[in-house]
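If you want the building blocks of each chain, they are given just below.
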Amino acid sequence: IAGITQAPTSQILAAGRRMTLRCTQDMRHNAMYWYRQDLGLGLRLIHYSNTAGTTGKGEVPDGYSVSRANTDDFPLTLASAVPSQTSVYFCASSPGHHSNTEAFFGQGTRLTVV
Amino acid sequence: KQEVTQIPAALSVPEGENLVLNCSFTDSAIYNLQWFRQDPGKGLTSLLLIQSSQREQTSGRLNASLDKSSGRSTLYIAASQPGDSATYLCAVRPGGTSYDKVIFGPGTSLSVIP
């Protein structure tokens, strides 16, 4: 593993089903993020984590939950998927609270809720 | 609330031209600003990061400037090539308690014509 890995790369999901998007990084970054990218709306922050054991809400957190049990993993869960959650989801990480911190992104998960 | 805009939304230029992409933000209290490129169906690749104390950063044919007082950043691409065709996004990391909530611009779609 090098950098950030997201899984799956794409998924078609029936409405009402539960789904967990996985994100793993091997850079020992403290901070991790989940974004969704939608045409015309750009990238919007869903949830973030400053460090293992802590999480926070972003701009569009409703319908999503996250956990940060360790430094490397930051899964995003849709408890009961709805069609409006059809989107491309990106996980990102950065070293931490420092003015020169740089964010690195995974390749994305394309999710379609039908 | 921090807002980030990018002009133009789309740009088409002949190969070899120098070009400038613009990014504006409403709140000058930022930690840093980062420029990314995104190829169709792919994740985001970091190009340049400018700290709040810096005025510019250079990498190869790319030069990014930052003017915090006017809330603007520009990405200058010299001698454009067809391989530069992509969407370019700027992202602002706010200061203070909103540090973790990086705000993205909508992007500029660049097409370099051979």
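The shown structure was predicted, so the numbers you read here are calculated from the model rather than taken from an experiment.

Novice: Hey, could you go over the pattern of salt bridges for me, with residue numbers and the actual values?
Specialist: All names here are of chain A. For the structure on display, the rule yields 5 salt bridges over all chains. Of the charged contacts in the structure, one is a salt bridge between Asp38 and Arg36, with a shortest N-O distance of 2.8 Å. The burial state of Asp38 is the same as that of Arg36; both residues are buried. Salt bridges sharing common partners tie together Arg36, Asp38 and Arg44.

Novice: Any chance you could break down the interface of chain B and chain A for me, citing the residues and the numbers?
Specialist: You'll often see interface size given as the accessible area lost when the parts meet. Counting residues at the interface gives 20 residues for chain B, matched by 23 residues for chain A. Contact between chain B and chain A buries roughly 1,900 Å² in total, counting both sides, with carbon and sulfur atoms accounting for 51%. Among the residues of chain B in contact with chain A, Tyr99, Asp100 and Phe104 of chain B are the three that bury the most area, contributing 28% of the side total. Joining chain B to chain A, the criterion identifies 0 salt bridges. Here chain B and chain A share 5 residue pairs in polar contact (both at pLDDT 80 or more) between them. Within the residue set of the side of chain B that touches chain A, elements represented by two or more residues are strand 4 (30-38), strand 5 (44-51) and strand 9 (86-94) of chain B. Per element, the largest residue contribution to the side of chain B that touches chain A is 5 residues, and it comes from strand 4 of chain B. Across the side of chain B that touches chain A, the residue classes break down as 8 nonpolar, 7 polar and 5 charged.

Novice: Describe the nonpolar core, and please don't skip the residues or the numbers.
Specialist: Ranked by internal contacts, the top residues of the largest apolar core, which has 23 residues, are Phe25, Leu33, Trp35, Leu75, Ile77, Tyr88 and Leu110 of chain B. Elements with a contribution of two residues or more to this core: strand 3 (19-25), strand 4, strand 5, strand 7 (62-67), strand 8 (72-77), strand 9 and strand 11 (108-113) of chain B. Membership of the second largest hydrophobic core comes to 19 residues, among which are Trp34, Tyr64, Phe74 and Tyr89 of chain A.

Novice: Lay out empty space enclosed by the protein with the relevant residues and their values.
Specialist: Evaluation of the coordinates by the stated rule reveals 1 cavity of 30 Å³ or more. Considered as a void within the structure, the largest cavity measures approximately 70 Å³ in volume. Lining the largest cavity are 14 residues, and of these Ala103 of chain A together with Gln34, Ala91, Arg93 and Val102 of chain B sit closest to its centre. Those elements that provide at least two residues to the lining of the largest cavity are strand 4 (31-38) of chain A together with strand 4 and strand 9 of chain B. A per-class count over the lining of the largest cavity returns 10 nonpolar, 3 polar and 1 charged.

Quick notes on the rules
Residues numbered from 1 in each chain as written. Chains lettered and ligands numbered in written order. Predicted model: local features only at pLDDT ≥ 70, side-chain atom pairs only at ≥ 80, totals over all residues. Heavy atoms only, no water. Salt bridge = Lys/Arg side-chain N within 4 Å of Asp/Glu carboxyl O. Buried < 20%, exposed > 50% of the residue type's maximum accessible area, 1.4 Å probe, protein only. Contact = heavy atoms within 4.5 Å. Buried area = accessible area lost by both parts, 1.4 Å probe. Polar contact = N/O pair within 3.5 Å; in protein donor to acceptor, adjacent residues only side chain to side chain. Helix = DSSP H or I, 4+ residues; strand = E, 2+ residues; numbered from the N terminus. Nonpolar A, V, L, I, M, F, W, Y, C, P; charged D, E, K, R; others polar. Core = buried A, V, L, I, M, F, W, Y, C linked by side-chain atoms within 4.5 Å. 1 Å grid on protein atoms, 1.4 Å probe; cavity = no way out; pocket = protein on both sides within 12 Å on 5 of 7 lines; lining within 4 Å. Points joined across faces, edges and corners; volume = space filled by probe spheres on them.

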